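Fold and contact review
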Amino acid sequence: MLSDAANRGLLPVSPTLADQVSGFMRSLSGLFRITAPLERDQLAHRVMLLVIVSVGAWVRFWGLGNVGLHGDEETMAMAVMSILREGAPILPSGLFYPRGMTELYLMAGSVQLFGESEWAFRFPSALCGVLTIWWAWLAGRRFLRPYWNLAFAASIALLPSMIVYSQTARMYIFLLAAVAGCMVCVFAWERSGRIGWLIGGVVALIVGIELHALAVTTVLLFLMPGILQGDLRKLLYGSIAAALVMVSYVLINGWVNSQYPVPPPEYAADLGAPLWDRSRAPADFALTFEVALWIAGLAIAFFAIHLSRVIPQRFAAISVATLLLAGLLMQLRLYYHLAFLLLVAAAVVARRFGGPRVWRRFRIFALGSALLALIHFSLLASTPGSLKKVIGALVGQPSIWPYYRILQYSEVAGVLALAAVVWGLWRLMKRRQVTDYVLLAMLAVWIPMFTIGFYVWNLPPRYTVASVLPMMLCGFAFAQKGIDWLQAWAAQRNMRLLAGQPLQAGVAVITAALVVNPVQVVASVNSGYESHPDHKGAAEFMKAQHIVDADVIIAEDHLQQTYYLGRVDYWLMSRNHARRYVELKNGRIQDFYTGAAVISSAAMLEQLLSNERRNRIFVIGSGENQSDKRKGMRGDMDPVLHSNQFEVVYVGRDGLTKVWRATGAPPASSVVLPQE
């Protein structure tokens, strides 16, 4: 922590206000304890790092081109080939593809150097994945001693998701590298005070945003040095840096979105909002229940005021009462996520300023709140719906799904990072300092997850990936603290067996193994079609059929097949899933990436079979998103594909990808639904 002199003269304010600002910064930094290790890396540690990086490179390059393009790789590939032909990333529909421009041109350079292949498309990602290991190790030195930092680097090298992202021609590994680079620069700025490091951090994160907008979720990292050191100047500089990054995000994201056409709203207006975008609005209860609940809430509010009177400090007492009443209001309105956070904050402040005597009154308030929650659950459970929907109605917004999704990268690392925050809150209650990596977890992991929950209800894990590195770093730092505490406890009891570096190194290795899960690592290394869809195999089968212009090609994953085959006539996808990727052009609904017309219902599919019965008709199925065998994505078209109107003529190496050919048989029903 710096002296008050560091904050004097920074702003043109009166001496009294300057003293108040200095006092506030001193109090703020006094909440935290800086844990930067004194032990430096030795030659042996650097040799071990070289081994770890080499192993990480091996698992990333081994089998890099084993499987065909999948996921969204083909979108990048088509844009890359357009760059090489025309100098700009133009997709078959004529759409300018604006995402991850830095990576697109790196991929173009790779293809120009090595030739067009899956390996060449993925080479920049693999190289970036190796670089991320080294940058993560540099960032880890801020909190971890050498052995623990090596274990952290090893977990980055072997984490299954890191391997997968490094072997995928998409921008997620580049996003992780940008976040790692930003962390390195911010920690170096914290240590040296040199403004060049801050500028480097801003540049790294802006590049990350250009690669993927999710990089902006780690923007609060810039506030960390100023808070920890009690330095108002650094806090202001960090705030300016964060503001610059936010402005860059608005400009870049706005430009990217402006390149996309607006899907016609009438295309799926009758379906309502997509499931993933629907807000979980509070349910309406009968008037008698509503009145009873609010009367119960007023009674519980009395206990909140009663509790705050125990706290001697006036401002703290008002804060506790406000937090408790706000939490109770959120609970009554069925926003239990917000209610829980407010009540936890109230408990921390109450215990910190009121001492142990607040617990007796707080238990009464907690009991009333728990009874209210039980009543809410009972009322919601009596209505039709699954347990998941009941919990969703109780939680309200923001969603809690982001917390769960980021834990899917590593349950052990996530639980450790969450435990670190719980332990930090307990220390705040006890008027003790909180370790600095808890602040890292809050600024770069849990606050971003909380914020993401405002914008989307449910989401794929990859949308939380920007916070994975800080989460893992915090997890290792907390594990390191745990073994330090154990050794200190053992030393007081003369238990020499638990002393020394060997135990530290052994526990670090065990922690790394638990974080990465060796079983999943084995499954991820050199994985083939047992874990990847066989789009390429289906395309090779289609080429062997000597396709002519009169043949009709329908594909579920039309992007992959457009890349491999050069053309796809129709995209087979239900309206519920196609709605975000279509445009109205020349009087027809088509995909705005490839220009393929959309078939989105059984009526449209059977109409096509009738119109083109003299020609060969192929439907190329997808091996991706098979949790329900794609029935949700096919909608009412799935029974048609499994009727006598089609026969399976190819099964991919993944056992899931199929190609159907129309048999010419009439539909089972003579009734033809009107065309959409």
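Check the entry above for the structure.
Residues numbered from 1 in each chain as written. Predicted model: local features only at pLDDT ≥ 70, side-chain atom pairs only at ≥ 80, totals over all residues. Heavy atoms only, no water.

Packing of helix 14 (residues 336–354) against helix 18 (residues 411–429) brings their axes to within 7 Å, and their N-to-C directions diverge by 35 degrees. Contacts between helix 14 and helix 18 pair V344, A347, V348, R351 and R352 from the former with L425, R427, L428 and M429 from the latter. Broken down by class, the residue content of the contact of helix 14 with helix 18 amounts to 6 nonpolar, no polar and 3 charged. (Axes fitted to C-alpha atoms, helices over the stretch in contact; angles between N-to-C directions. Helix = DSSP H or I, 4+ residues; strand = E, 2+ residues; numbered from the N terminus. Contact = heavy atoms within 4.5 Å. Nonpolar A, V, L, I, M, F, W, Y, C, P; charged D, E, K, R; others polar.)

Take the pattern of salt bridges next. Counted by the stated rule, this structure contains 14 salt bridges. Ionic pairing is found between E118 and K536, a salt bridge with its closest N-O pair at 3.3 Å. One end of the pair, E118, is in helix 5 (residues 118–140); the other, K536, is in helix 23 (residues 535–543), with 418 residues separating them in the sequence. By relative accessible area, E118 is classed as buried at 10%. For K536, a relative accessible area of 24% gives the class partly exposed. One salt bridge in this structure joins E647 and R661, with 3.1 Å as the shortest N-O distance. Taken together, the positions of E647 in strand 9 (residues 646–651) and R661 in strand 10 (residues 658–662) put the pair 14 residues apart, joining distant regions of the chain. Taking relative accessible area as the criterion, E647 reaches 34% and is therefore assigned partly exposed. Linked through salt bridges whose partners overlap, the residues forming this network are E556, R630, R634 and D638. (Salt bridge = Lys/Arg side-chain N within 4 Å of Asp/Glu carboxyl O. Buried < 20%, exposed > 50% of the residue type's maximum accessible area, 1.4 Å probe, protein only.)

Moving on, we come to the packing of helix 8 (residues 172–192) against helix 9 (residues 195–211). It is at 8 Å that the axes of helix 8 and helix 9 come closest, and there the two elements cross at 165 degrees. By the angle between their axes, helix 8 is roughly antiparallel relative to helix 9. Helix-helix and strand crossings are classified by hand; for helix 8 and helix 9 the assignment is left-handed. Of the residues in helix 9, those in contact with F174, L175, A178, G181, C182, C185, A188, W189 and S192 of helix 8 are I195, W197, L198, G200, G201, A204, L205, G208 and L211. (Parallel < 35°, antiparallel > 145°, perpendicular 65-115°, else oblique. Left-handed = near helix turned anticlockwise from the far one by under 90°.)

The next point concerns the packing of aromatic side chains. Across all of its chains, the model carries 24 aromatic pairs by this definition. Here the aromatic rings of F302 and F303 are separated by 5.7 Å at their centres, their planes lie at 70 degrees, and the arrangement is edge-to-face. A relative accessible area of 54% means that F302 is categorised as exposed. Judged by relative accessible area, which is 30%, F303 ranks as partly exposed. Aromatic ring contacts, followed pair by pair, group F61, F114, W119 and F123 into a single cluster. Over the aromatic face of F143 sits the side chain of R142, whose NZ or CZ is 4.5 Å from the ring centroid. (Phe/Tyr/Trp six-rings, centres within 6.5 Å; stacked < 30°, edge-to-face > 60°. Lys NZ or Arg CZ within 6 Å of the ring centre and 35° of its normal.)

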